[in-house]
Amino acid sequence: MASSSSTSKDPLHLESFNIYSSLPYDSSHVFHSLVSLKAQQSNETGRQTRALIDLVAVIDVSNSMHGLKIEKVKDTLKFVIGQLKPEDRLSIVSFHSRAKVEMALTELSPVGKKLALDCVNSLTVKGGTNLSAGLFEGLNQIIERGEKSKNDVVSILLLTDGQPTCGLQSSDEIRQGMQSYIKKIQDPISVFTFGYGRDHNTVLLHGISERANGMFYYIHTQSDVSTACADCLGGLLSVVAQRIVLTVKATCDVVITEVKTSYPTKILEKSAHYEISINDLSSEEERDFIFSLSVPPLSTPNKNSPLFDCTLKYFSILNEREIVLQHQHTIERVSLTSEEF
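Residues numbered from 1 in each chain as written. Predicted model: local features only at pLDDT ≥ 70, side-chain atom pairs only at ≥ 80, totals over all residues. Heavy atoms only, no water.

Quick look at the overall build of the protein
Reasoning step 1: Counting its regular elements, the protein contains six helices and 18 strands.
Reasoning step 2: C-alpha extents for the protein along the principal axes are approximately 75 × 45 × 35 Å.
Reasoning step 3: Among the 341 residues that make up the protein, the fraction classed as buried is 51%.
Reasoning step 4: Counting only contacts in the protein whose residues sit at least 6 apart along the sequence, the fraction spanning at least 24 positions is 74%. (Helix = DSSP H or I, 4+ residues; strand = E, 2+ residues; numbered from the N terminus. Buried < 20%, exposed > 50% of the residue type's maximum accessible area, 1.4 Å probe, protein only. Contact = heavy atoms within 4.5 Å.)

Some thoughts on the packing of helix α3 (residues 131–143) against helix α4 (residues 171–182)
Reasoning step 1: One way to put it is that α3 packs onto α4 with a least axis distance of 10 Å and a crossing angle of 10°. When the axis of α3 is compared with that of α4, the two are roughly parallel. Within the contact between the two elements, α3 uses Leu 131, Ser 132, Leu 135, Phe 136, Leu 139, Asn 140 and Ile 143 and α4 uses Ile 174, Gly 177, Met 178, Tyr 181 and Ile 182.
Reasoning step 2: The residue makeup of the contact of α3 with α4, split by class, is nine nonpolar, three polar and no charged. (Axes fitted to C-alpha atoms, helices over the stretch in contact; angles between N-to-C directions. Parallel < 35°, antiparallel > 145°, perpendicular 65-115°, else oblique. Nonpolar A, V, L, I, M, F, W, Y, C, P; charged D, E, K, R; others polar.)

Examining the pairing of strand β9 (residues 190–196)
Reasoning step 1: With respect to burial, β9 is a largely interior element, seven of its seven residues being buried.
Reasoning step 2: Residue alternation in β9 divides its side chains into two sets, Ser 190, Phe 192, Phe 194 and Tyr 196 and Val 191, Thr 193 and Gly 195, and both sets are buried.
Reasoning step 3: Sheet topology note: the strand β8 (residues 153–160)/β9 ladder contains six bridges and is parallel. Residue pairing for β9: Ile 156 is matched across the bridge by Val 191.
Reasoning step 4: For the crossover from β8 across α4 to β9, the handedness is right-handed. (Pairing = 2+ DSSP bridges. Right-handed = clockwise from strand over helix to strand, strands pointing away.)

Some points on the packing of aromatic side chains
Pairs of aromatic rings are described using the distance from one ring centre to the other and the angle between the two planes.
Reasoning step 1: Applying the stated rule across the entire model yields five aromatic pairs.
Reasoning step 2: When the ring centre of Phe 315 is taken as reference, the NZ or CZ atom of Arg 243 above it lies at 4.7 Å. (Phe/Tyr/Trp six-rings, centres within 6.5 Å; stacked < 30°, edge-to-face > 60°. Lys NZ or Arg CZ within 6 Å of the ring centre and 35° of its normal.)

Looking at unusual backbone geometry
Reasoning step 1: A positive phi angle is found at Asn 213, which is not glycine, with a value near 60°.
Reasoning step 2: Following the sequence through the fold, Asn 213 ends up in the loop between α5 (202–211) and β10 (216–219).
Reasoning step 3: Non-glycine residue Arg 243 carries a positive phi angle of around 50°.
Reasoning step 4: Its place among the elements puts Arg 243 in strand β11 (residues 239–250).

With respect to empty space enclosed by the protein
Reasoning step 1: Enumeration according to the criterion identifies one cavity of 30 Å³ or more in this entry.
Reasoning step 2: As a volume, the largest cavity reaches approximately 30 Å³.
Reasoning step 3: Around the largest cavity sit Leu 55, Ala 57, Leu 77, Val 80, Ile 81, Leu 90 and Leu 157, which together line it.
Reasoning step 4: With three residues, helix α1 (residues 68–83) is the single largest residue contributor to the lining of the largest cavity.
Reasoning step 5: A class-by-class count of the residues in the lining of the largest cavity yields seven nonpolar, no polar and no charged. (1 Å grid on protein atoms, 1.4 Å probe; cavity = no way out; pocket = protein on both sides within 12 Å on 5 of 7 lines; lining within 4 Å. Points joined across faces, edges and corners; volume = space filled by probe spheres on them.)

A short note on the side chain of Thr 247
Reasoning step 1: Within the fold, Thr 247 resides in strand β11.
Reasoning step 2: Leave out the neighbours within four places in its chain, and Thr 247 touches Leu 268, His 273, Tyr 274, Glu 275, Asp 309, Cys 310 and Thr 311.

A few points about the confidence of the model for the protein
Reasoning step 1: Averaged over every residue, the pLDDT of the protein is 88; the share at 70 or more is 93%.
Reasoning step 2: Long-range and interchain partners of residues 44–48, a stretch whose pLDDT sits below 50, account for seven contacts in this model, where long-range means more than four residues apart. (pLDDT = per-residue confidence, 0-100.)

Here it is, written out as structure tokens:
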């Protein structure tokens, strides 16, 4: 049985479910409840234009990227540039033994697109692989945007074979360094990693993207380029909500024994009150959260016995304002014999 507090016009839809439709009222129980968030189709929200994006492409141009790898990288970038609107902005950062800003954040007007394509075509390989320097410089491009000049959606694409040979080389050190830069960025940001060839460091690239709310893509054949880019951009260009925070607070002596989620979770009150921070949600994306509950017996049956209160706060890209939803999750407590239950 499901309950919901969202309207059809809300960009995010909030529902909750119980594993059982009802429980005997006169005994205690341990069971699971699920809270589900779903972003509606962007064309259902009443606004036809999508959110604008600030995108930084961080490109490995070290010697290990010679030949087919660098050509696949160029194909990836050309695909990305072709999909972006004139109001979107792109920066290109290359790295070998050191990092270099090839193009600062630039609006992709016809002139901007020509500059970007020329920049891509001029990339040549040389030197070692200082992946951390490239990633950190890409993040620095976002930090330096300032408050007055920035688009709603922010992301970094890291394209490499993932084999650092200089600078920071430990996966843990690179991820920790990345987090220190991300903390300086006030807006939600995602980092997507693209690994080219069979010898890339999958653990490193997957760890970076996972820690930064992105995804890892393995580029082996030419067809992988368009597939990965379409998937990545499809999500970025259809973001409908940012800065999403779900708060769940137990009611009526209910105990939350476990919160099952990989998202950052703050304990406001142990076994009773939790705050979950969620990254961007794109059109039609879903996120589910499972809560293990322990409920006490009641003195009388109750058709809508409260279990917990939900508060969902987020910034709607499409409505250009913060939205707050309140929702109470309940279950029916009935009079049943043990045989019936």
